[in-house]
Amino acid sequence: MSSSRSRIYVAGHRGMVGSAIVRCLQANGRVDIITRTHDELDLTNQDAVRRFFTTEKIDQVYLAAAKVGGIHANNIYPADFIFQNLMIEANVIHEAWRAGVGRLLFLGSSCIYPKLAEQPIREEYLLTGKLEPTNEPYAIAKIAGIKLCESYNRQYGTDFRSVMPTNLYGPGDNYHPENSHVVPALIRRFHEAKQSGKNIVRIWGTGLPRREFLHADDMAAASVHIMGLQREKLSEVVGPMCNHINVGTGKDITISELATLISRVVGFDGAIEFDREKPDGAPRKLLDVSKMELLGWRARIALWDGLVEAYRAFLIIAETNKSLAYSQVTR
């Protein structure tokens, strides 16, 4: 094996973002990609993670492994969300430091920001207000991951970086009928309504909240871009401790507008109703992506094109009779 080839561990390679990162790295070439399934490596087990890093001699880590889910899942399983995510982050980041990993990228979430943050949301707004209650445990775990990276950089001089994506969607998404995020949930709901001949689809909330959506392949490209930057260049924009960076499109739409788009993509021509008894979540979440743009990257996949591709990916699953109710743990 040539010494010029980097050994890159993608934690969470079977998840939507992790699999997109693997595709992006493979397209770039000249790397050896290391992966482990959950059965092969339980990232909540510190001893197992330590043995892995000691044995594999990893150069870089993309930490995309997480327990994820929508509003319903966060409400039902708050202990699972905070415990599993804290354990995964702490074990991987700590053992990466112990093993002398050269560079690590932690993938967070835009839910780290205060519920009523000024829009668009700048990185500096972290910890300036109360979080959205429905996903607070998950958000706290993600904030801890950011601070772990910053603290190891500060104390040990590591090169650990963090990116905060907006709402993600794309091939490899989770289509669980109760625990999925909004885009896959709506794709499945409209598809099933079309297949069964229903003329009404009911959606949680008022439809008024505004959200920003980023395709997983764009997120992967942004992640690889950030990992490829020299630390000096990164420090000029985000500070010497490699503080977190927002990743998004800089554009948002209402949930009602999103539902209309997805119904058109799927070909559902019935009515859309909103259940105002159900929670909306934060009224708006639009990320300020000016720092990412200063670092030389912008999103390229238009929402309509991305939704068309996501629906095609969903149809492959449905047509091959694979289960749509797969796990929320993308590790």
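Residues numbered from 1 in each chain as written. Predicted model: local features only at pLDDT ≥ 70, side-chain atom pairs only at ≥ 80, totals over all residues. Heavy atoms only, no water.

1. Side note on the overall build of the chain
Alright, step 1. When helices and strands are tallied, the chain shows eleven helices and 15 strands.
Alright, step 2. A globule of 331 residues ought to have a C-alpha radius of gyration of about 20 Å, and the chain, at 19 Å, matches this closely.
Alright, step 3. Each of the three principal axes of the chain carries a C-alpha extent, and together these read 60 × 45 × 35 Å.
Alright, step 4. Here the chain holds 331 residues, and 54% of them are scored as buried.
Alright, step 5. At a minimum sequence separation of 6, the contacts of the chain that also span at least 24 residues come to 82%.
Alright, step 6. Side chains of the chain give 40 positive and 37 negative charges; the mean places of these two sets differ by 2 Å. (Helix = DSSP H or I, 4+ residues; strand = E, 2+ residues; numbered from the N terminus. Rg over C-alpha atoms; globule rule 2.2 N^0.38 Å. Buried < 20%, exposed > 50% of the residue type's maximum accessible area, 1.4 Å probe, protein only. Contact = heavy atoms within 4.5 Å. Lys, Arg positive; Asp, Glu negative; His and termini not counted. Charge placed at Lys NZ, Arg CZ, Asp CG, Glu CD.)

2. Notes on the sheet that holds strand β12 (residues 253–254)
Alright, step 1. Read across the sheet, three strands follow the order β12-β9-β14 without closing on themselves; strand pairing throughout is mixed. The outermost strands of the open sheet, each flanked by one partner alone, are β12 and β14 (284–285).
Alright, step 2. Where strand β9 (residues 210–211) meets β12, two bridges bridge the pair, whose relative direction is antiparallel. Counterpart to Arg211 in the pairing with β12 is Ile253. (Pairing = 2+ DSSP bridges.)

3. Looking at the confidence of the model for the chain
Alright, step 1. Residues of the chain with pLDDT of at least 70 account for 95%, and the chain-wide mean is 92.
Alright, step 2. Taken together, the stretch residues 326–331 has pLDDT below 50 and engages in 34 contacts with residues farther than four places along the chain or on a different chain. (pLDDT = per-residue confidence, 0-100.)

4. Brief notes about helix α6 (residues 182–196)
Alright, step 1. The terminal C-alpha atoms of α6 lie 21 Å apart, and with 15 residues this matches the ideal 21 Å at 1.5 Å per residue to within 8%.
Alright, step 2. Three or more residues of α6 are buried, namely Val183, Pro184, Ala185, Leu186, Ile187, Arg188, Phe190, His191 and Ala193.
Alright, step 3. Packing partners of the buried residues in α6 comprise β7 (167–169), β8 (200–204), β10 (213–215), α9 (255–266), β13 (271–275) and α11 (303–319).
Alright, step 4. Directly beyond the C-terminal end of α6, a positive phi value near 80° is found at Gly197. (Expected span 1.5 Å × (residues − 1).)

5. A short note on the packing of aromatic side chains
Alright, step 1. Under the defined criterion, the tally for this structure stands at ten aromatic pairs.
Alright, step 2. Here the aromatic cluster, defined as three or more aromatic residues joined through ring pairs, consists of Tyr9, Phe52 and Phe53.
Alright, step 3. The side chain of Lys67 reaches across the aromatic face of Tyr77, ending 5.8 Å from its centre.
Alright, step 4. When the ring centre of Phe81 is taken as origin, the NZ or CZ atom of Lys67, which lies over that ring, is 5.2 Å away. (Phe/Tyr/Trp six-rings, centres within 6.5 Å; stacked < 30°, edge-to-face > 60°. Lys NZ or Arg CZ within 6 Å of the ring centre and 35° of its normal.)

6. Overview of the side chain of Glu132
Alright, step 1. Tracing the sequence through the fold places Glu132 in the loop between β5 (103–107) and α5 (136–156).
Alright, step 2. Setting aside anything within four residues of it in sequence, one finds Glu132 in contact with Lys115, Gly281 and Ala282.

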